[in-house]
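Examination of the molecular architecture
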Amino acid sequence: MLARLLSILRPYPSPLFSRRGIDLDFPLLAGCLALLGLGLVMITSASTEVAAVQTGNPFYHMIRHLIYMTIGLGAAGLMMVIPLATWQRMGGTLLVVAFGLLVLVLVPGIGREVNGSMRWIGFGAFNVQPSEIAKVFAVIYLAGYLVRRQEEVRESWMGFFKPFIVLLPMAGLLLMEPDFGATVVLMGAAAAMLFLGGVGLFRFSLMVALAVAAVFVLVQAQPYRMARLVTFTDPWADQFGSGYQLTQALIAFGRGQWLGVGLGNSIQKQFYLPEAHTDFVYSVLAEELGLFGSLATVALFVFVSVRALYIGLWAEKAKQFFAAYVAYGLAFLWIGQFLINIGVNVGLLPTKGLTLPFLSYGGSSLVICCACLGLLLRIEWERRTILGSEDVDFVESDFAEDAPGNKASKEVVHGR
């Protein structure tokens, strides 16, 4: 099956099938693969005791995570062979799909409730989290809008406000699950894309002020959100109640000291720290690998995020604006989730159920992160090849494997 799929895709130009062989941005790929490998090791370490008690198999979560990684890498490969022009054409359709998924997850009998939240749609033994898909589809749609309405976005208030006609209802559906963290990440990435798309400083400042006011209102509207806000400022005041999760995470950081207690030797993962292999895997990492291991992990995240932003910058300099805005949006999705998850783990932000990209256990998040990696690798490759030239028109015969003078496989490589 796989061989047949590869034979079908081979005639089409992509980073996986080119005259130079596999032609990828290896620094970004290496950074993300390092995070994936570290995540597998830490999830195995953090979940063995819990998995042994709950399922009888200490490697239950590790096996499932390996399955998710395999699916994710397959999704990354698929994203690398799909031209960016296809995503640009499908922006409106993807937006409709995103809204459909966010509505479906709220329908009783379709959406699955876990810990009081309706965030998953069940498919047998696996759950799909529509918010992860919706965030990426919203970025693709917004990137297309910024290209189509570039002057309007930069010059008029109406061009600035139009995207929010789409984004605000999507945020409302996310809040109904409720998924406050995903809402913040989505709106933050959208705001960054608008700013980089040319929105003036005054209008951007107004948007930020309105966003801060909206967050304040949303926190006040739900008692549990206010309780979390109060608790995280002094978790030790109720360390066996609402502050339990954060105090246990902070104990893990304290036990780690400089070099950590050693891989697999965490005490906090042994039923002291809830969600040790998902939302709080970074705390277990800090306990076992210490301050140096924690900072090295942060450095890896900074590297892949900055590299993704540079891919957007290079595409923008090549006048491939859709590719540039997509790269910016995906980078800010990673940055938002990274900052919130780390902030929660170290007690700088209220507790939120948001995974750490590439590292935390969670099928939807891992697969979507890998798909985003594949899309970024496609963006970087198209910038360097003839597909990125505005002066070249293609016909169907250009993509045939045996076509004479196949223009699609002749690459023009520019210096980075």
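Residues numbered from 1 in each chain as written. Predicted model: local features only at pLDDT ≥ 70, side-chain atom pairs only at ≥ 80, totals over all residues. Heavy atoms only, no water.

- As recorded in an unreviewed UniProt entry, the protein chain goes by the name Probable peptidoglycan glycosyltransferase FtsW, listed as coming from Pseudomonas turukhanskensis.
- Taken verbatim from the UniProt record of the protein chain, the Function (unreviewed entry) comment is "Peptidoglycan polymerase that is essential for cell division."
- Per UniProt, the protein chain has the following entry under Pathway (unreviewed entry): "Cell wall biogenesis; peptidoglycan biosynthesis." (UniProt positions renumbered as here; feature names shortened; annotations may be inferred.)

Structural notes on the pairing of strand β2 (residues 117-123)
- When strand β1 (residues 111-114) meets β2, the two strands line up antiparallel, connected through 4 bridges. Bridge pairing in β2 links Glu 113 to Met 118.
- Here β1 folds back onto β2, and the loop between the two strands holds 2 residues, one of which, Asn 115, carries a positive phi near 55°.
- Relative to strand β3 (residues 126-128), β2 is paired through 3 bridges, and the arrangement is antiparallel. (Pairing = 2+ DSSP bridges. Helix = DSSP H or I, 4+ residues; strand = E, 2+ residues; numbered from the N terminus.)

Points about the sheet that holds β1
- In space, the 3 strands of this open sheet follow the order β1-β2-β3, with antiparallel pairing throughout. Here the strands that pair on one side only, and so sit at the sheet edges, are β1 and β3. Averaged over all pairs of adjacent strands, the angle between strand axes in this sheet comes to 55°, irrespective of strand direction. (Axes fitted to C-alpha atoms, helices over the stretch in contact; angles between N-to-C directions.)

Here's the deal with the state of the cysteines
- Applying the stated criterion across every chain yields a total of 0 disulfides.
- With no disulfide partner, Cys 369 has as its closest neighbouring cysteine sulfur the one in Cys 372, 6.2 Å distant.
- In this structure Cys 370 is a free cysteine whose sulfur lies 7.0 Å from that of Cys 369, the closest cysteine sulfur available.
- Take Cys 370: its relative accessible area is 0%, and that puts it in the buried class. (Disulfide = S-S within 2.5 Å. Buried < 20%, exposed > 50% of the residue type's maximum accessible area, 1.4 Å probe, protein only.)

Regarding the side chain of Ser 45
- Among the secondary structure elements, Ser 45 is positioned in helix α2 (residues 26-55).
- With a relative accessible area of 8%, Ser 45 lands in the buried category.

Notes on the nonpolar core
- Formed by 100 residues in total, the largest nonpolar core has its most connected members in Leu 28, Leu 194, Leu 330, Trp 334, Leu 375 and Ile 379.
- Considering each element in turn, this core owes the most residues, 15 residues, to helix α14 (residues 321-346).
- Other than its neighbours up to four places away in sequence, Trp 334 contacts Leu 28, Cys 32, Val 304, Ala 308, Pro 357, Phe 358, Cys 369, Cys 372, Leu 373 and Leu 376. (Core = buried A, V, L, I, M, F, W, Y, C linked by side-chain atoms within 4.5 Å. Contact = heavy atoms within 4.5 Å.)

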